[in-house]
Amino acid sequence: MDFLNRVKKIKATLVKKNLKFFKMLNFEFQNSTKIIFGKDTIGKLSTEIPTNSKVLMLYGGGSVKKNGIYEQVKKGLSNFEVIEFGGIPANPEYEVLLKALEIIKTENITYLLAVGGGSVIDGTKFLASAALYEGDSPWDILSKFIRTEKGMPFGTVLTMPATGSEMNSGAVITRAETQEKFGMGGPGLFPQFSILDPQVIQSIPKNQISNGITDAFTHVLEQYMTYPINAFLQDRFAESIMQTLIEVAPMVLENPFYYEAAANYMWSCTMALNGLIQKGVPTDWAVHSIGHELTAKFGIDHARTLAIIAPSHYRYNFETKKKKLAQFAERVFGVHTGTLEEKATAGIDKIEAFFHSVNIPTKLSEYTSEFEGTAERIEARFIERNWLGLGEHKSLTPADVKKIVEMSY
Ligand code: NZQ
Ligand code: ZN
């Protein structure tokens with residue numbers, strides 16, 4: 001077939017599928033993080049941090065001291081002046097981070113090094129922003145959604161694949177006092193480098209590996225499960241990340257010492273949220289916005305809140321998402337029979353079954369018995385914050401959110 005005939009055929013298919021009016025969106029893409037990936041790479045940090053830096057090394061509740069990562073990092077830092085700040089909790093807590101901010105200022109720290117999962121990295125991003133913030137209170141960065149154009153320089157040693165924070169410029173910070181969890185970010189918050197040694201997963205508890213798989217999978221869903229826009233490559237990037245996660249999930253859960261599986265798991269998590277797959281396409285992120293409320297209220301692990309909300313969200317928004325749901329069912333799970341609607345329904349069931357397969361319950365009542373009133377409370381909070389239109393069409397009202405949460409009980 002000659003070229004013109006091929007073009008005609010593609011156009012006819014697009015018209016038939018009613019897709020001709022949807023074009024890939026314009027975009028700009030810049031991601032400055034240097035990734036150092038592979039076995040025994042942690043020592044490389046010694047040449048990544050500028051000489052003469054005064055380093056604040058940040059870590060979490062102590063896992064790094066039990067699995068040998070702490071020693072490897074300290075060895076890499078042997079030529080630097082280093083102060084340590086441990087104890088950043090999962091869902092990094094504002095009040096704890098303020099203590100680290102004080103140290104940065106009084107000790108004239110010039111470089112931050114996060115050694116941990118999403119929580120430590122996000123906490124470090126907040127500090128990188130707050131250290132240069134000139135306003136009244138660093139809480140403004142979160143409550144007023146102030147973008148960080150310039151932050152302190154920092155690098156990361158990733159100890160837990162999940163969030164993608166090691167290669168993006170976003171962070172999520174919790175304030176326990178007010179049961180709030182807010183996102184922040186900006187171009188000034190890309191890590192300068194991130195070291196990804198897949199061997200770190202050997203010490204991660206199984207429930208956290210399940211969390212990582214679920215979080216990364218949902219990151220892809222948030223950037224994919226919208227409506228078709230003729231972004232063929234982005235769709236296939238997204239589908240391939242989900243297929244890889246599905247393939248490696250049982251392997252890493254069974255044997256975290258299996259390097260090939262660990263490496264694919266780790267890189268999939270990073271690729272799921274480093275900005276690439278969302279370029280030129282509509283994105284949703286309602287599942288995360290609602291999920292954060294469940295962590296803030298009940299302390300449910302981030303990934304698990306997503307597994308609670310996602311199936312209800314897709315069932316509630318079936319009509320607007322059914323084309324992508326059906327495409328997902330076909331391409332990711334090989335569902336080739338049935339009508340569009342039947343395939344789309346199967347897609348949602350497959351998502352839920354996948355979460356169950358990695359031991360993640362998908363109903364709120366499986367995590368807490370005190371869920372009555374949750375939907376109303378989240379609705380009220382979204383109204384208060386003026387979050388009146390969520391999702392890819394900015395059309396989900398707080399009343400819709402209430403119904404989605406009720407469906408997840
Ligand atoms: O604190 P330690 O003792 O280190 O233990 C941690 C923590 O208890 C443990 N852990 C981490 N690496 C380990 C390990 N245990 C043994 N061996 C290792 N190698 O795992 C527990 C969970 O760690 P955490 O950092 O909280 O997990 P995750 O990476 O899932 O991060 C979750 C946070 O990231 C935010 C979430 O909201 C949540 O606050 N997110 C950040 C995003 C971003 N910046 O782009 C996007 C995400 O959607 C997400 O919202
Ligand atoms: Zn997430």
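Anything mentioned here points back to the structure above.
Residues numbered from 1 in each chain as written. Chains lettered and ligands numbered in written order. Predicted model: local features only at pLDDT ≥ 70, side-chain atom pairs only at ≥ 80, totals over all residues. Heavy atoms only, no water.

Outline the overall build of the protein, listing residues and values.
In terms of regular secondary structure, the protein is built from 16 helices and eight strands. Scaling as 2.2 N^0.38, a compact globule of 409 residues should have a C-alpha radius of gyration of about 22 Å, and the protein matches this with 22 Å. C-alpha atoms of the protein, sized along the principal axes, occupy 65 × 55 × 40 Å. Across the 409 residues in the protein, those meeting the buried criterion constitute 55%. The average position of the 44 basic charges and that of the 45 acidic charges among the side chains of the protein differ by 7 Å. (Helix = DSSP H or I, 4+ residues; strand = E, 2+ residues; numbered from the N terminus. Rg over C-alpha atoms; globule rule 2.2 N^0.38 Å. Buried < 20%, exposed > 50% of the residue type's maximum accessible area, 1.4 Å probe, protein only. Lys, Arg positive; Asp, Glu negative; His and termini not counted. Charge placed at Lys NZ, Arg CZ, Asp CG, Glu CD.)

Help me get a handle on the pattern of salt bridges, residues and values and all.
A side chain with one charge can pair with a side chain of the opposite charge if their charged atoms come near. Inspection of every chain in the model, using the stated rule, returns 21 salt bridges. Residues Lys 324 and Asp 235 are paired through a salt bridge, measuring 3.0 Å at the closest nitrogen-oxygen approach. In this pair, Lys 324 sits in helix α13 (residues 318–333) while Asp 235 sits in helix α9 (residues 232–254), placing the two residues 89 residues apart along the sequence. Assigned by exposure class, Lys 324 and Asp 235 land together as buried. Connected via shared salt-bridge partners are Lys 54, Glu 81 and Glu 107. (Salt bridge = Lys/Arg side-chain N within 4 Å of Asp/Glu carboxyl O.)

I'd like to hear about the coordination of the zinc ion (ligand 2), residue by residue, with values.
Coordination sphere of the zinc ion (ligand 2), protein contribution only: Asp 215 (OD), His 219 (NE2), His 288 (NE2) and His 302 (NE2), at 2.0 to 2.2 Å. Between the donor residues of the zinc ion (ligand 2), the gaps in sequence give the motif D-x3-H-x68-H-x13-H. Of this pair, His 219 sits in helix α8 (residues 206–224) while His 288 sits in helix α11 (residues 286–298); the two residues are 69 residues apart in sequence, bridging distant segments of the chain. Taking relative accessible area as the criterion, His 219 reaches 2% and is therefore assigned buried. (Donors = N, O, S within 2.8 Å, 3.2 Å for Na, K, Ca; no water.)

Account for the packing of α9 against helix α10 (residues 259–272), with residues named and values stated.
Two elements in contact, α9 and α10, have axes separated by 9 Å at closest approach and are oriented at 140°. For the element pair α9 and α10, the recorded crossing hand is left-handed. Only Ala 261, Ala 262, Asn 264, Tyr 265, Ser 268, Met 271 and Ala 272 of α10 make contact with α9, whose side of the interface consists of Ile 241, Thr 244, Leu 245, Val 248, Met 251 and Val 252. Each residue belonging to the contact of α9 with α10 can be placed in one class, and the counts come to ten nonpolar, three polar and no charged. (Axes fitted to C-alpha atoms, helices over the stretch in contact; angles between N-to-C directions. Left-handed = near helix turned anticlockwise from the far one by under 90°. Contact = heavy atoms within 4.5 Å. Nonpolar A, V, L, I, M, F, W, Y, C, P; charged D, E, K, R; others polar.)

Break down the sheet that holds strand β3 (residues 81–85) for me, citing the residues and quoting the values.
Pairing within the open sheet is parallel, and its six strands lie in the order β1-β8-β5-β4-β2-β3. Each edge of the sheet is formed by a strand with only one pairing partner; in this case those strands are β1 (34–37) and β3. Sheet twist, expressed as the mean angle between neighbouring strand axes with direction ignored, is 20°. Pairing between strand β4 (residues 111–116) and strand β5 (residues 154–158): five bridges, direction parallel. Across the sheet, the residue bridging to Ala 114 is Thr 156, located in β5. Lying over the sheet, helix α6 (residues 118–130) contacts β2 (54–59), β4 and β5, oriented at roughly 165° with respect to β4. α10 contacts β1, β5 and β8 (193–196) of the sheet and is inclined by roughly 170° relative to β1. (Pairing = 2+ DSSP bridges.)

Requested: an account of the environment of Gly 188, with residues and values cited.
Its location among the elements puts Gly 188 in the loop between β7 (180–185) and β8. Taking the C-alpha atoms as reference, Gly 188 lies 16 Å from Pro 138; in sequence the two are 50 residues apart. The contact partners of Gly 188, leaving out residues within four places of it in the chain, are Thr 148, Glu 149, Lys 150 and Gly 151.

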